[in-house]
Amino acid sequence: MTIHGLKSNVAGLEAELKNPANIYWNLTPAELVEHAITGNMGVLNDTGALVVDTGEFTGRSPKDKFIVKDALTANSVDWNNFNIPFSEEHFNRLLEDMKVYSQDKNIYVRDAYVCADPKYRMNLRVITEFPWANLFSYNMFLRPSAAEIQDMQPEWTILALPSFHAHAGRHGTRQHNFAVINFTRKIALIGGTAYTGEIKKGVFTVLNFVLPHQHGVLSMHCSANMGPQGDTALFFGLSGTGKTTLSADSGRRLIGDDEHGWSDEGIFNFEGGCYAKCIDLTPEKEPQIFAAIRFGSLLENVRFFKNSRTVDYSDKSVTENTRVSYPLHYIDNALIPSVGNIPKNIFFLTADAFGVLPPISKLTPGQAMFHFISGYTAKVAGTEAGIIEPQPSFSACFGAPFLPLHPTRYAEMLGIKMQKYQVKTWLINTGWSGGPYGIGSRIKLAYTRAMITAALNGQLENVPYETHPVFGLHMPQSCPNVPSEILNPRNTWDNKANYDKQANMLAEKFNRNFEKYADKATEDILHAAPKSTARV
């Protein structure tokens, strides 16, 4: 075994691997790119970014994500379809077999940390089979100095060996791919899949347990930015709703695009980079993200225009979930260190493909909690196999697959903070207007940006509002730089009766989804539920 690179003096799980051929420690991005190219794992595009394919899996596999059930987790984890119990015996066997598999392999080790607030810093050691997965970890996590690395004690270790396939009978998995978290041993195991998002979201799942459960810090699946006056805004939303796009605002400093903590002192980013969707990416719509795709960035599952190294961002032949990772400082107005003040505004983003919800509405505290727990967006045709018309998608707290604790735990913490700090909360529909997907049209990004700007600047404080009779949402009747006629979604439909029918249908789906949380909801939250039998 030969060791290369900047090695820590503190041994960890990497010392237990069974005689790998080489261990590469903390290589620079240039070295990792070189290893990927010479190993025929990727190529450079015409802006210098490394382009790779993740193979069989181009997204996460929630059904293959497990948590070891032991004395620490048995009564604290919310066991469900996302938090699937895994035995200690199977974990130990899986870990030992992965160690054996490492024999004669090239292994890449990365020392990193998460949580930009030093008070909550968690040191990581990420051990990967592929150099480009190590580049991903360099991009996405916070980067210690060379001096820090020398004696850096890893608190958590992630072992990611995509070419190692589990055997369900021997290892207790569902199939050959897996992501298993052991909170007691502080180890995450990933195998059978090269999709790098499993590394990122595995660490996020860890923080979603540790910070609320052990430190009383609210962990959030949201982006965040800060205005010139120090006013912080949070953007919650599921994939495809515009969370990354809308937080990348040239007039505001970017704190982070996906994962944050909220302590009594303020907001802090968990990560040191961004992992942006790049399907249909253009320099006009998302100039900051487009400009960040350069040497050191990692593009996943994209395709080039014929006879070129220019990426065709509209090409979804491999997946709609094309991605790019890059360090946060690739965004020219990023806030470093990525720590912000207590937020003044919160935006819940939804891409409503039914064309029902207003493009912007102001929420009462009860409504804010209802919509946070609901975590609604819609899937449209083409996003998943078998979807031919819009389907509602609910993900509690806008991140159910990553929440080890019961969703109401996070909701209660958010509710307390919103009330304590009098935070204004808004629901933003980045989806369709004038009809559902296929009939109506997507709300223009320029209008959405104008509405968010108006909310941030206080320009919606003194305008008249009207109340949506089904959802009870408070819709402004005017907004700078936005046509007034689109602010009430019913006005944009040619057939008003069809809108009424669609609104009641969606309201019923909201209420049906919320039934599983109703017994733990307050009267204020229950009162905020839509009235699906309302006449409009």
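Scroll up for the structure.
A brief structural summary. (Residues numbered from 1 in each chain as written. Predicted model: local features only at pLDDT ≥ 70, side-chain atom pairs only at ≥ 80, totals over all residues. Heavy atoms only, no water.)

The next subject is the overall build of the chain. Looking only at helices and strands, the chain features 13 helices and 29 strands. Taking 536 residues into account, the globule formula puts the C-alpha radius of gyration at 24 Å, and the chain, at 23 Å, falls close to it. Dimensions of the chain along its principal axes, counting C-alpha atoms only, are 70 × 55 × 45 Å. The buried share of the chain, taken over its 536 residues, is 61%. Taking contacts inside the chain between residues at least 6 apart in sequence as the whole, the part at least 24 apart equals 71%. Element-wise, carbon and sulfur atoms account for 50% of the exposed surface of the chain, whose accessible area totals about 20,800 Å². If the 50 positive side-chain charges of the chain are averaged to one point and the 52 negative ones to another, these points end up 2 Å apart. (Helix = DSSP H or I, 4+ residues; strand = E, 2+ residues; numbered from the N terminus. Rg over C-alpha atoms; globule rule 2.2 N^0.38 Å. Buried < 20%, exposed > 50% of the residue type's maximum accessible area, 1.4 Å probe, protein only. Contact = heavy atoms within 4.5 Å. Areas by Shrake-Rupley, 256 points an atom, 1.4 Å probe, with all protein chains shown as cover. Lys, Arg positive; Asp, Glu negative; His and termini not counted. Charge placed at Lys NZ, Arg CZ, Asp CG, Glu CD.)

Attention now moves to the sheet that holds strand β11 (residues 187–191). Either a parallel or an antiparallel arrangement is found when strands of a sheet pair, and the pairing is made through backbone hydrogen bonds. With respect to topology, nine strands assemble into an open sheet ordered β1-β2-β7-β8-β9-β11-β10-β5-β6, the strand pairing being mixed. For this open sheet the edge positions go to β1 (2–5) and β6 (84–86), each flanked by a neighbour on one side alone. With strand direction ignored, the average angle separating the axes of adjacent strands in the sheet is 20 degrees. Where strand β7 (residues 106–114) lies against strand β8 (residues 122–128), seven bridges are found, and the strand directions are antiparallel. Bridge assignment links Val-114 to a residue of β8, and that residue is Met-122. Packed on one face of the sheet, helix α2 (residues 88–101) meets β5 (65–68), β6, β9 (156–161), β10 (178–182) and β11 and runs near 65 degrees to β11. Sitting on the sheet, helix α6 (residues 197–215) touches β5, β7, β8, β9, β10 and β11, and the angle it makes with β8 is about 150 degrees. (Pairing = 2+ DSSP bridges. Axes fitted to C-alpha atoms, helices over the stretch in contact; angles between N-to-C directions.)

Turning our attention to empty space enclosed by the protein. Applying the stated criterion across every chain yields a total of six cavities of 30 Å³ or more. Reported here for the largest cavity is a volume of approximately 100 Å³. Lining the largest cavity are 16 residues, and of these Ala-179, Ile-181, Glu-198, Lys-201 and Gly-202 lie nearest its centre. Contributions of two or more residues to the lining of the largest cavity are made by β10, β11 and α6. Among the elements that make up the lining of the largest cavity, the one with the highest residue count is α6 (six residues). For the lining of the largest cavity, the class distribution of residues is ten nonpolar, two polar and four charged. (1 Å grid on protein atoms, 1.4 Å probe; cavity = no way out; pocket = protein on both sides within 12 Å on 5 of 7 lines; lining within 4 Å. Points joined across faces, edges and corners; volume = space filled by probe spheres on them. Nonpolar A, V, L, I, M, F, W, Y, C, P; charged D, E, K, R; others polar.)

All right, on to the sheet that holds strand β19 (residues 323–327) then. With respect to topology, five strands assemble into an open sheet ordered β3-β4-β18-β19-β17, the strand pairing being mixed. Whereas interior strands pair on both sides, the edge strands pair on one side only; in this sheet they are β3 (43–44) and β17 (273–277). As paired elements, strand β4 (residues 50–52) and strand β18 (residues 298–300) share three bridges and run parallel to each other. For Leu-50, the partnering residue across the bridge sits in β18 and is Leu-298.

This next bit is on the nonpolar core. Nonpolar side chains in soluble globular proteins tend to end up buried together. Of all hydrophobic cores here, the largest spans 105 residues; its most connected members are Trp-262 and Phe-348. Top contributing element to this core by residue count: α6, with eight residues. For Phe-348, the contacting residues outside a window of four places in its chain are Phe-236, Leu-363, Ala-368, His-371, Phe-372, Phe-398, Leu-414, Thr-425, Trp-426, Leu-427 and Ile-428. Within the second largest apolar cluster, 22 residues are counted, among which are Leu-13, Leu-95, Leu-161 and Ala-166. (Core = buried A, V, L, I, M, F, W, Y, C linked by side-chain atoms within 4.5 Å.)

Pairing between side chains of opposite charge can happen when their charged atoms approach one another. Tallied over the entire structure, the rule returns 21 salt bridges. In this structure, Lys-99 engages Glu-96 in a salt bridge whose closest nitrogen and oxygen atoms are separated by 3.1 Å. In this pair, Lys-99 and Glu-96 both sit in helix α2, three residues apart, roughly one turn of the helix. Ionic contacts of the salt-bridge type, sharing partners, join the residues Lys-200, Lys-201, Lys-243, Asp-258, Glu-259 and Glu-271 into one network. (Salt bridge = Lys/Arg side-chain N within 4 Å of Asp/Glu carboxyl O.)

A few words now on the pairing of β10. In terms of residue burial, β10 counts as a mostly covered element, since five of its five residues are buried. Pairing of β5 with β10 involves three bridges; the strand directions are parallel. Residue pairing for β10: Lys-65 is matched across the bridge by Ala-179. Pairing of β10 with β11 involves five bridges; the strand directions are antiparallel. Pairing of Asn-182 across the sheet is with Ile-187, part of β11. From the end of β10 to the start of β11, which pair antiparallel, there are four residues, and Lys-186 there has a positive phi angle of about 60 degrees.

This part takes up the environment of Gly-366. Tracing the sequence through the fold places Gly-366 in helix α9 (residues 365–374). Classification of Gly-366 by relative accessible area gives buried; the value is 1%. A sequence separation of 137 residues divides Gly-366 from Ala-503, and the C-alpha atoms of the two residues are 20 Å apart. Once residues lying within four places of it in the same chain are set aside, the contact partners of Gly-366 are Asp-524, Ile-525 and Ala-528.

When glycine is set aside, most residues are seen to have a negative phi, and most peptide bonds are trans. Following Ile-336, the chain continues into Pro-337 via a peptide bond in cis, with omega recorded as -5 degrees. Mapped onto the elements, Pro-337 comes out in the loop between β19 and β20 (339–340). We note that Asn-307 has phi near 55 degrees; this positive angle belongs to a residue other than glycine. Among the structural elements, Asn-307 can be located in the loop between β18 and β19. Asn-307 gets classed as exposed once you look at its relative accessible area, which sits at 76%. Within the chain, Phe-398 stands out as a residue other than glycine whose phi angle is a positive 60 degrees.

Taking 1.5 Å per residue as the helical rise, helix α12 (residues 496–514) with its 19 residues ought to reach 27 Å, and the 27 Å between its terminal C-alpha atoms agrees with that figure. Among the residues of α12, Tyr-499, Asp-500, Gln-502, Ala-503, Asn-504, Leu-506, Ala-507, Phe-510, Asn-513 and Phe-514 are the ones counted as buried. At its buried positions, α12 is contacted by α9, β23 (376–379), β24 (391–394) and α13 (523–527). One side-chain oxygen of the residue at the start of α12 lies 3.1 Å from the amide nitrogen of Ala-497, identifying that residue as Asn-495. (Expected span 1.5 Å × (residues − 1). Polar contact = N/O pair within 3.5 Å; in protein donor to acceptor, adjacent residues only side chain to side chain.)

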